[in-house]
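These are the residues of each chain, in order.
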Amino acid sequence: MSTPEEIYQKLDVAAKAVKAQLASSPELITPRVMIICGSGLGGIASILKGTTVEVPYETIPGFRQSTVQGHAGKLVFGLIGENKVPVMCMVGRLHFYEGYELSDTTFPVRLAHVLGVSVVVVTNAAGGVNAEYKPGDLMIINDHINFPGCAGYHPLRGANLDMFGPRFQPLSDAYDLELRQIFFHQAKKVLKVERAIHEGVYTFLAGPTFESRAEVRMLRVLGADAVGMSTVPEVIIARHCGMRVLAMSLITNAGVADPPASALDENPTPLDAGMANHLEVLDEADRAAKDVQLIFEATINQL
């Protein structure tokens, strides 16, 4: 495990490499907002206005490579909205299940802080655990359950990086109330087609398998509304750095919780009924993309 001094040095080198690629666009060198694009939501980068600069992950020292379909693997810098808010868009996140350490998957968030970011907007594709949620719904996250963290796989495990935040980071205020209010207000203004927007609890599981029926039933009992394989480590690190957080889940599939009909029935429910798959996730994300882009453009323009 790297020492704090080694991590600070690694971040310094990475920041200099990124700034070098932004040298010809000084208005982009100090981004105010970081957007992390979830599976199939990389199109959020299309709302950037004017000159944009793409920085492939492989050109940034210390950056890992995204290996998942639907994750391009690049930072895109640009401006959003009439207020020309400078933004750093992470098109393709890094996951624990890819074999990376949590310090690797959250390295981009710390880098964003070093570059000047004060607000992190996190998106993901998630399974609906709440029985009322349907594919295509949006959920603003107001709290989370961190299963890997409860088991010891926590992004703040190890020596504390005092330069960023405290040893014992509170999380009761992880999801910024004012940012959530702005999101809901802007959604009402810009959406032309009604789309359900909930507010609820996101549960982080390590993946890469989708949840079993028993796991979905367990999560419902625990109070989870949606489940996925990302987001929480990034949110924790963002808060440790003192950045404000807005996080949204696109519900791409409904969690299968009920057992199949008894084998004694003439027409038992097949086991694969409602079963999740990654292509379904990408397809649902594509259908919702325009609405998501409209809301985030309007929301970030206020920041």
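In this text the structure is predicted, and so the values were computed from the model without any measurement.

1. A word on the layout of surface pockets
Line of reasoning, step 1. Put simply, the largest pocket is a space of about 660 Å³.
Line of reasoning, step 2. Forming the boundary of the largest pocket are 29 residues, of which Met1, Leu102, Ser103, Pro155 and Arg157 lie nearest the centre.
Line of reasoning, step 3. Listed by contribution, the elements that provide at least two residues to the lining of the largest pocket are α1 (4–21), α2 (102–105), α3 (107–115) and α7 (232–240).
Line of reasoning, step 4. The element contributing the most residues to the lining of the largest pocket is α1, with 5 residues.
Line of reasoning, step 5. Among the residues forming the lining of the largest pocket, the class breakdown is 13 nonpolar, 9 polar and 7 charged.

2. Side note on the environment of histidine 144
Line of reasoning, step 1. By secondary structure assignment, the location of histidine 144 is in strand β6 (residues 138–146).
Line of reasoning, step 2. Distance in space between the C-alpha atoms of histidine 144 and alanine 224 is 7.9 Å, their sequence separation being 80 residues.
Line of reasoning, step 3. Discounting chain neighbours no more than four positions away, the residues touching histidine 144 are Leu171, Tyr175, Val201, Tyr202, Val232 and Ile236.
Line of reasoning, step 4. Engagement of the side chain of histidine 144 in a polar contact is seen with the side chain of tyrosine 175, the distance being 2.7 Å.

3. Observations concerning empty space enclosed by the protein
Line of reasoning, step 1. For the structure on display, the rule yields 1 cavity of 30 Å³ or more.
Line of reasoning, step 2. For the largest cavity, the calculated volume is near 60 Å³.
Line of reasoning, step 3. Looking at the largest cavity, the residues that line it are Leu94, His95, Phe96, Leu102, Thr105, Thr106, Phe204, Met229, Ser230, Thr231, Pro233 and Glu234.
Line of reasoning, step 4. Residue assignment for the lining of the largest cavity shows that the elements contributing at least two residues are α2 and α7.

So, how was this worked out
Residues numbered from 1 in each chain as written. Predicted model: local features only at pLDDT ≥ 70, side-chain atom pairs only at ≥ 80, totals over all residues. Heavy atoms only, no water. 1 Å grid on protein atoms, 1.4 Å probe; cavity = no way out; pocket = protein on both sides within 12 Å on 5 of 7 lines; lining within 4 Å. Points joined across faces, edges and corners; volume = space filled by probe spheres on them. Helix = DSSP H or I, 4+ residues; strand = E, 2+ residues; numbered from the N terminus. Nonpolar A, V, L, I, M, F, W, Y, C, P; charged D, E, K, R; others polar. Contact = heavy atoms within 4.5 Å. Polar contact = N/O pair within 3.5 Å; in protein donor to acceptor, adjacent residues only side chain to side chain.

On their own, these measurements won't tell you what the molecule is for.
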